[in-house]
Amino acid sequence: MKHSMEILQELAAANGPLCVGLDTDPSYIPAPLLKVLGGNPAEAVLDYNKEIIRRVAADKSACCFKIQIAYYEAMGIEGLKAYIETIKAVKQAGLIAISDIKRGDIADTAKAYARAHFAGEFETDIITINPYMGFDTLKPFTEYCKPTDGSKAGKGIFVLLRTSNPGMVDIEQQELKEGGRVLDKTGAELSRIAKEFAEIYPNQGCSPVGAVVGCTEESDAKLLREAYPEQFFLIPGYGAQGGAARIAATLLGKAGGTVNSSRGILCAWKKDPDLADKVESGNLCLKEIADSAAKAALASKADLLNAKKELGL
């Protein structure tokens with residue numbers, strides 16, 4: 001029996017390590033096209049997401065999609081409906097849906113979050129978790145990583161370890177009195193959890209509890225990959241945030257990982273020279289935007305695979 005993280009690991013091996021981030025803000029859709037699509041931002045976002053999902057799945061240019069819930073919450077109830085339908089579309093395409101929700105709370109509140117995103121209308125395959133209220137916040141989520149009644153494989157979670165934002169130094173990089181950094185203590189807890197799950201899922205390719213490790217800084221990449229060989233990584237920072245393919249590729253060793261690119265794919269049409277005239281005239285259609293995004297996804301996949309090859313991975 002395989003958990004969601006191991007299924008993702010296998011898809012990454014088959015399709016390449018790219019994760020397409022659906023941080024789809026309505027402002028990414030040209031105003032004339034938004035009007036053509038009916039003028040409803042949430043519906044337009046869903047139409048765009050579905051077309052991208054269809055194209056990426058057909059091209060096998062990515063292994064998963066990461067849906068950042070904040071963009072959908074910002075559109076209200078209609079946005080959350082689009083969020084639900086986007087997750088369904090990813091699953092129907094045979095790929096893994098990562099819901100980027102970054103929840104982190106205690107006791108019954110954490111249980112409610114876990115139930116909402118692993119069993120309710122928002123049900124998804126894998127979610128992101130913030131552990132910095134303490135490790136007891138993880139347990140309600142890891143319970144869903146276990147098989148259900150011995151018949152249904154468990155979910156997966158990505159726990160924030162070393163994020164890609166500059167402010168990560170404020171907490172994650174702080175030195176502890178007993179030695180090491182805050183992120184090292186978090187990593188040690190993830191390793192402990194991985195050992196527990198190794199008994200539940202014998203011969204697993206990775207733990208169902210992975211880690212978020214950004215690729216914007218080269219200094220930690222090799223160190224963290226060596227330190228946590230059993231964990232599959234969600235790797236943000238590639239592309240628009242400035243993370244280099246060679247850093248991402250370093251993090252793809254051992255148990256592997258998936259490298260997220262959002263704006264670099266969603267907004268590829270803005271830098272596509274073949275579309276400049278249509279952008280200027282306001283005649284850009286959804287298919288042309290999707291074509292440009294699909295090309296960008298294939299290019300990102302090739303970039304990452306080439307970087308892996310150069311590193312001998």
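Quick look at the structure, then. What you are looking at is a predicted structure, and each value in this text was computed from that prediction instead of being measured. (Residues numbered from 1 in each chain as written. Predicted model: local features only at pLDDT ≥ 70, side-chain atom pairs only at ≥ 80, totals over all residues. Heavy atoms only, no water.)

## Some words on the overall build of the protein
Here is step 1 of the chain: Helix and strand content of the protein: 13 helices and eight strands.
Here is step 2 of the chain: Here the C-alpha atoms of the protein give a radius of gyration of 19 Å, agreeing with the 20 Å that 2.2 N^0.38 yields for 313 residues.
Here is step 3 of the chain: Referenced to the eigenvectors of the C-alpha coordinate spread, the extents of the protein come out at roughly 60 × 45 × 35 Å.
Here is step 4 of the chain: Buried residues in the protein amount to 53% of all 313 residues.
Here is step 5 of the chain: Accessible area for the protein stands at about 13,700 Å²; split by element, carbon and sulfur atoms hold 52% of it. (Helix = DSSP H or I, 4+ residues; strand = E, 2+ residues; numbered from the N terminus. Rg over C-alpha atoms; globule rule 2.2 N^0.38 Å. Buried < 20%, exposed > 50% of the residue type's maximum accessible area, 1.4 Å probe, protein only. Areas by Shrake-Rupley, 256 points an atom, 1.4 Å probe, with all protein chains shown as cover.)

## What about the side chain of Asn 49?
Here is step 1 of the chain: Tracing the backbone through its elements, the reader meets Asn 49 in helix 3 (residues 41-59).
Here is step 2 of the chain: Note on Asn 49: relative accessible area 0%, which makes it buried.
Here is step 3 of the chain: A polar atom in the side chain of Asn 49 sits 3.1 Å from the side chain of Thr 86.
Here is step 4 of the chain: Asn 49 has contacts with Leu 22, Thr 24, Tyr 72 and Thr 86, leaving out every residue within four places of it along the chain. (Polar contact = N/O pair within 3.5 Å; in protein donor to acceptor, adjacent residues only side chain to side chain. Contact = heavy atoms within 4.5 Å.)

## Some details on the sheet that holds strand 6 (residues 209-213)
Here is step 1 of the chain: Taken together, the eight strands give a closed barrel; going around it, the order is 1-2-3-4-5-6-7-8, and neighbouring strands pair in parallel fashion. Averaged over all neighbouring strand pairs, the angle between strand axes comes to 30 degrees, with direction disregarded.
Here is step 2 of the chain: Two strands pair when backbone bridges link them, and strand 6 and strand 7 (residues 233-235) are joined in this way by two bridges, in the parallel orientation. Paired with Ala 211 across the strands is Phe 233, a residue of strand 7. (Pairing = 2+ DSSP bridges. Axes fitted to C-alpha atoms, helices over the stretch in contact; angles between N-to-C directions.)

## Overview of helix 6 (residues 107-118)
Here is step 1 of the chain: Compared with the 16 Å implied by 1.5 Å per residue over 12 residues, the 16 Å span of helix 6 between its first and last C-alpha is a close match.
Here is step 2 of the chain: In this structure, the buried residues of helix 6 make contact with helix 4 (69-73), helix 5 (76-92), strand 3 (96-103), strand 4 (126-129), helix 7 (139-142) and strand 5 (156-162). (Expected span 1.5 Å × (residues − 1).)

## Some points on the pattern of salt bridges
Here is step 1 of the chain: In this structure the tally under the stated criterion is 24 salt bridges.
Here is step 2 of the chain: For Glu 196, the salt bridge identified is with Arg 192, shortest N-O distance 2.6 Å. Residue Glu 196 and its partner Arg 192 are both found in helix 8 (residues 182-200); the two are separated by four residues, about one turn of the helix.
Here is step 3 of the chain: Judged by its relative accessible area of 41%, Glu 196 falls in the partly exposed class. (Salt bridge = Lys/Arg side-chain N within 4 Å of Asp/Glu carboxyl O.)

## Some points on the packing of aromatic side chains
Here is step 1 of the chain: Under the definition given, this model contains five aromatic pairs.
Here is step 2 of the chain: Plain terms: the ring middles of Phe 118 and Tyr 144 are 5.6 Å apart, the flat faces sit at 40 degrees to each other, and that makes the pair tilted. Of the two residues, Phe 118 sits in helix 6 while Tyr 144 sits in the loop between helix 7 and strand 5, which places them 26 residues apart along the sequence.
Here is step 3 of the chain: The exposure class of Phe 118 is buried, given its relative accessible area of 3%.
Here is step 4 of the chain: For Tyr 144, a relative accessible area of 29% gives the class partly exposed.
Here is step 5 of the chain: By the ring-pair criterion, three or more aromatic residues cluster together here, those being Tyr 72, Tyr 83 and Phe 122.
Here is step 6 of the chain: Over the face of the ring belonging to Phe 233 we find Arg 225, whose NZ or CZ atom lies 3.8 Å from the ring centre. (Phe/Tyr/Trp six-rings, centres within 6.5 Å; stacked < 30°, edge-to-face > 60°. Lys NZ or Arg CZ within 6 Å of the ring centre and 35° of its normal.)

## Observations concerning the pairing of strand 3
Here is step 1 of the chain: With respect to burial, strand 3 is a largely interior element, seven of its eight residues being buried.
Here is step 2 of the chain: Pairing of strand 2 (residues 64-68) with strand 3 involves five bridges; the strand directions are parallel. Residue pairing in the sheet places Lys 66 in a bridge with Ile 98 of strand 3.
Here is step 3 of the chain: Judged from the three bridges that link them, strand 3 and strand 4 form a sheet pairing that is parallel. Bridged to Ile 98 within strand 4 is Ile 126.
Here is step 4 of the chain: For the handedness criterion, the β-α-β arrangement of strand 3, helix 6 and strand 4 is classed as right-handed. (Right-handed = clockwise from strand over helix to strand, strands pointing away.)

## Quick notes on the environment of Cys 215
Here is step 1 of the chain: Looking at the secondary structure, you find Cys 215 in the loop between strand 6 and helix 9 (221-227).
Here is step 2 of the chain: The exposure class assigned to Cys 215 is buried, which follows from its relative accessible area of 0%.
Here is step 3 of the chain: Cys 215 sits 39 residues away from Lys 254 along the chain, and the two C-alpha atoms are 16 Å apart.
Here is step 4 of the chain: In this structure Cys 215 touches Ile 235, Pro 236, Gly 237, Tyr 238, Gly 243, Ala 244, Ile 247, Ala 248 and Leu 251, once residues within four positions along its chain are discounted.

## With respect to the packing of helix 3 against helix 13 (residues 286-310)
Here is step 1 of the chain: Between helix 3 and helix 13, the least distance of the axes is 9 Å, while the angle of their chain directions is 45 degrees. Taken together, the axes of helix 3 and helix 13 lie oblique to each other. For the pair helix 3 and helix 13, the crossing hand works out as right-handed. Mapping the contact onto sequence places Asp 47, Tyr 48, Glu 51, Ile 52, Arg 55, Val 56 and Asp 59 in helix 3 and Leu 286, Lys 287, Ile 289, Ala 290, Asp 291, Ala 293, Ala 294, Ala 297 and Leu 298 in helix 13.
Here is step 2 of the chain: Residue classes in the contact of helix 3 with helix 13 are distributed as 10 nonpolar, no polar and six charged. (Parallel < 35°, antiparallel > 145°, perpendicular 65-115°, else oblique. Left-handed = near helix turned anticlockwise from the far one by under 90°. Nonpolar A, V, L, I, M, F, W, Y, C, P; charged D, E, K, R; others polar.)

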